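What follows is the residue order along each chain.
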Amino acid sequence: MPEPDFQFTEISKFSPETFGEPGMRTFRINADSASSNALIWVEKEQLSELCESMNQLINEVKLDQNSDTFPPIEKEAPGLSKLEFKTNRIAFGYDENSKMFLIDVYDPQSISEETTLRIWINSIQLEAFINKGLEIVSAGRPKCELCKKPINPEGHSCEYKNGHSKDPII
Ligand SMILES: [Zn+2]
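The structure presented is a predicted model; accordingly, all values stated were derived computationally and were not measured. (Residues numbered from 1 in each chain as written. Predicted model: local features only at pLDDT ≥ 70, side-chain atom pairs only at ≥ 80, totals over all residues.)

K.L.:
Describe the overall build of the protein, with residues and values.
P.N.:
A tally of helices and strands in the protein yields two helices and eight strands. Taken from N to C terminus, the helices and strands of the protein fall in the order β-β-β-β-α-β-β-β-β-α. Taking the principal axes of its C-alpha atoms as reference, the protein extends roughly 50 × 40 × 25 Å. Here the protein holds 170 residues, and the buried ones make up 25% of them. Here the contacts in the protein between residues at least 6 apart in sequence split such that 53% fall between residues at least 24 apart. (Helix = DSSP H or I, 4+ residues; strand = E, 2+ residues; numbered from the N terminus. Buried ≥ 20, exposed ≤ 12 C-beta atoms within 10 Å, placed from the backbone. Contact = placed C-beta atoms within 7 Å.)

What follows is the structure, given as structure tokens:
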């Protein structure tokens, strides 16, 4: 199996950020690992889809909150690695062996054909990312307690609710 160009396995920060005025906002993922940092610029739709898909995955994976994680720290990127790029492709999944979630991001400008950066995070870090990401993309709209999607003024049809009710959930 080809290895990613860089891997972040000692994450101390994994956080979505936004800058700029409403309608003109830009979005990025800011990740600190050991002595390294990555700034990964994304489109709002990418961040939104990523958070929703991650939310589904975290609900599917039967997690024991107390179980230990086993990050492959021997794969950590060389010290003081600094990455910054706008990604065109993000993939993610759950690794049964390490009990960790993986996020693979690609730099379209990279000469390598492999994943540019693989980020290893635990479920607590993932949940914090999802919550903040959904909050950022919905920009203040209230969030459904069940599916965590923003509730539109005209109501909300929740995929987690029987009958796909159109009634607003307060
Ligand atoms: Zn809902």
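K.L.:
Lay out the sheet that holds strand S1 (residues 6–8) with the relevant residues and their values.
P.N.:
If you walk across this open sheet you meet the four strands as S1-S8-S7-S6, and the pairing is mixed. Pairing within the sheet leaves two strands with one partner each, and these edge strands are S1 and strand S6 (89–95). Taken over all neighbouring pairs, the strand axes of this sheet differ in orientation by 20 degrees on average, direction set aside. Bridging between strand S7 (residues 100–106) and strand S8 (residues 117–121) involves five bridges; their strand directions are antiparallel. Bridge pairing links Phe 101 to Ile 121 in S8. (Pairing = 2+ DSSP bridges. Axes fitted to C-alpha atoms, helices over the stretch in contact; angles between N-to-C directions.)

K.L.:
Describe the sheet that holds strand S5 (residues 82–86), listing the residues and the values that go with them.
P.N.:
Spatial strand order, S2-S3-S4-S5: four strands in an open sheet with mixed pairing. What marks the edges here is a single partner per strand, and that holds for strand S2 (11–19) and S5. Each neighbouring strand pair of the sheet contributes to a mean axis angle of 10 degrees, computed without reference to strand direction. Where strand S4 (residues 36–42) lies against S5, five bridges are found, and the strand directions are parallel. Bridge pairing in S5 links Ala 38 to Leu 83.

K.L.:
Can you explain helix H1 (residues 44–60)? Please cite residues and give values.
P.N.:
Here H1 contains 17 residues, and its C-alpha end-to-end distance of 25 Å stays within 8% of the 24 Å for a straight helix at 1.5 Å per residue. Those residues of H1 that are buried lie in contact with S2, strand S3 (26–33), S4, S6 and helix H2 (123–138). (Expected span 1.5 Å × (residues − 1).)

K.L.:
Which residues make up the domain arrangement of the protein, and what values do they have?
P.N.:
Each assigned domain of the protein is listed here: domain 1 (6–139) and domain 2 (142–170). For domain 1 and domain 2, the distance between their C-alpha centroids amounts to 27 Å. (Domains from an automatic or database assignment.)

K.L.:
Describe the environment of Leu 50, naming the residues involved and giving the relevant values.
P.N.:
Tracing the chain through its elements places Leu 50 in helix H1. Its 22 C-beta neighbours within 10 Å are what place Leu 50 among the buried residues. In sequence terms Leu 50 and Ile 90 are 40 residues apart; their C-alpha atoms lie 7.9 Å from each other.

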